[in-house]
Amino acid sequence: MNSNVEEQYSGTATENALVEGRKAFLGFLAKRLGNRADSEDVFQEFCIRVLTRKDQLRDVERMDAWLYAILRSTMNDHFRKATRRNRLAVAVARDPHQLVADAPVQMARPCTCPSRLLTELRTVDAKLIRRIDFGEEDRKIVAADMGLNRNALGVRLHRARAALREAIQYHCGACCLEDPDDCYCPV
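Each value, and the rule that gives it
- The residue count restarts for each chain, going from 1 along the sequence in the order it is written.
- For a predicted model such as this one, the threshold for reporting local features is a pLDDT of at least 70, and the threshold for listing and counting side-chain atom pairs is 80 or more; totals across whole chains, interfaces and linings nevertheless cover every residue.
- Neither water nor hydrogens contribute to the side-chain values; these are computed over all heavy atoms in the structure.
- Strands are runs of DSSP state E lasting at least two residues, helices are runs of H or I lasting at least four, and both sets are numbered from the N terminus onward.
- In this scheme, a residue with accessible area under 20% of its type's maximum is buried, one over 50% is exposed, and one in between is partly exposed, where area comes from a 1.4 Å probe on protein chains only.
- Only heavy atoms enter the contact rule, under which two residues are in contact if any of them lie within 4.5 Å.
- Computed with the Shrake-Rupley method and a 1.4 Å probe, the accessible areas treat only the protein chains shown as cover for residues.
- Each aromatic pair joins two rings of Phe, Tyr and Trp (for Trp, the six-membered one) with centres within 6.5 Å, and gets the label stacked for planes under 30 degrees apart, edge-to-face for over 60, and tilted for any other angle.
- Any pair of N or O atoms that falls within 3.5 Å is considered a polar contact. Within protein, one atom must be able to donate a hydrogen and the other to accept it, and sequence-neighbouring residues count only if both atoms are side-chain atoms.
- Orientation is described by lines fitted to C-alpha atoms, with helices fitted over the stretch in contact, and by angles between N-to-C directions that extend from 0 to 180 degrees.
- Orientation is classified from the angle alone, with under 35 degrees giving roughly parallel, over 145 giving roughly antiparallel, 65 to 115 giving roughly perpendicular, and any other angle giving oblique.
- pLDDT measures the predictor's confidence residue by residue and takes values from 0 up to 100.

Participant: Got a minute to help me understand the overall build of the protein in this structure?
Facilitator: When helices and strands are tallied, the protein shows 10 helices and 0 strands. In sequence order, the secondary structure elements of the protein are arranged as α-α-α-α-α-α-α-α-α-α. Residues classed as buried in the protein amount to 29% of the 187 residues present. Within the protein, contacts between residues separated by at least 24 positions form 58% of all contacts whose residues are at least 6 apart in sequence. Counting only carbon and sulfur atoms, one obtains 52% of the accessible surface of the protein, whose full area is about 12,900 Å².

Participant: Even after reading the chapter, I still don't get the packing of aromatic side chains, so can you show me in this structure?
Facilitator: Centre-to-centre distance and the angle between the planes together describe a pair of aromatic rings. Under the counting rule described, the total for this entry stands at 5 aromatic pairs. Between F25 and F46, the ring centres sit 5.0 Å apart and the planes meet at 65°, which makes this aromatic pair edge-to-face. Placement of the pair is F25 in helix α2 (residues 22-33) and F46 in helix α3 (residues 36-52), with a sequence separation of 21 residues. Both residues of the pair, F25 and F46, belong to the buried class. Grouping aromatic residues by their ring pairs yields a cluster made of F25, F28, F43, F46 and Y68.

Participant: How do you make sense of the side chain of T74 when you look at a structure like this?
Facilitator: Looking at the element boundaries, T74 is found in helix α4 (residues 63-94). T74 gets classed as buried once you look at its relative accessible area, which sits at 3%. Within the structure, the side chain of T74 is placed 3.3 Å from the side chain of R49, a separation counted as a polar contact. Discounting chain neighbours no more than four positions away, the residues touching T74 are V42, E45, F46 and R49.

Participant: Looking at this structure, I do not really get the environment of F28. What am I missing?
Facilitator: Turning to its location among the elements, F28 is positioned in helix α2. The class for F28 is buried, based on a relative accessible area of 15%. The spatial distance from the C-alpha of F28 to the C-alpha of L71 is 9.2 Å, given a sequence separation of 43 residues. If sequence neighbours within four positions are ignored, F28 has contacts with Y68, L71, R72 and M75.

Participant: When you look at the packing of helix α7 (residues 123-134) against helix α9 (residues 150-172) in this model, what are you seeing that I'm missing?
Facilitator: The packing of two helices is summarised by the inter-axis angle and the distance between the axes. One can describe the packing of α7 onto α9 by two numbers: an axis separation of 9 Å at closest approach and a directional angle of 105°. The angle between α7 and α9 falls in the class roughly perpendicular. Mapping the contact onto sequence places D125, L128, I129, I132 and D133 in α7 and L153, R156, L157, A160, R161 and L164 in α9.

Participant: Would you explain the confidence of the model for the protein in this entry?
Facilitator: The predicted structure's coordinates, where accompanied by low pLDDT, should not be read in detail. Averaged over all residues, the pLDDT of the protein equals 80, while 76% of them reach at least 70. Taken together, the stretch residues 1-9 has pLDDT below 50 and engages in 2 contacts with residues farther than four places along the chain or on a different chain.

Okay, here's the thing in structure tokens:
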């Protein structure tokens, strides 16, 4: 088959799998989420993800595994959002007046700890993170500048990020690792 025919078949097969597996997918979700409304919401999000990523399916014969991997990922994202909503509800219930007065300041506090903590890393690691993660430079160019191949650069970047994660964990605790858009550590 040529690639255009394969793409059409993959798209049709994906859509058919969603329609035919709807009941099974909803059952899977209902068992784990405990209510039908959440199951329907997660199923809708799952269908959107599947349809937008259908070109990523490499082997139509492994479609079930691919679909359930996306379904589990979608369900995990739902749990994360629910956890954030619950944390917010608890915080609001504790002291609503302070939060209302403080809301504009609190809402605009993305975590700045990583950029401040770069000074605690080795110079090479800090430079690597500044160029690739903050400066969004192309890895190929950075690797050439440093005299490394792309694999060696990937290993160094992984180690630099691990060192930064460790520094953040030490300085901030879990708040910045869990949700960098909701930083509540001291400045």
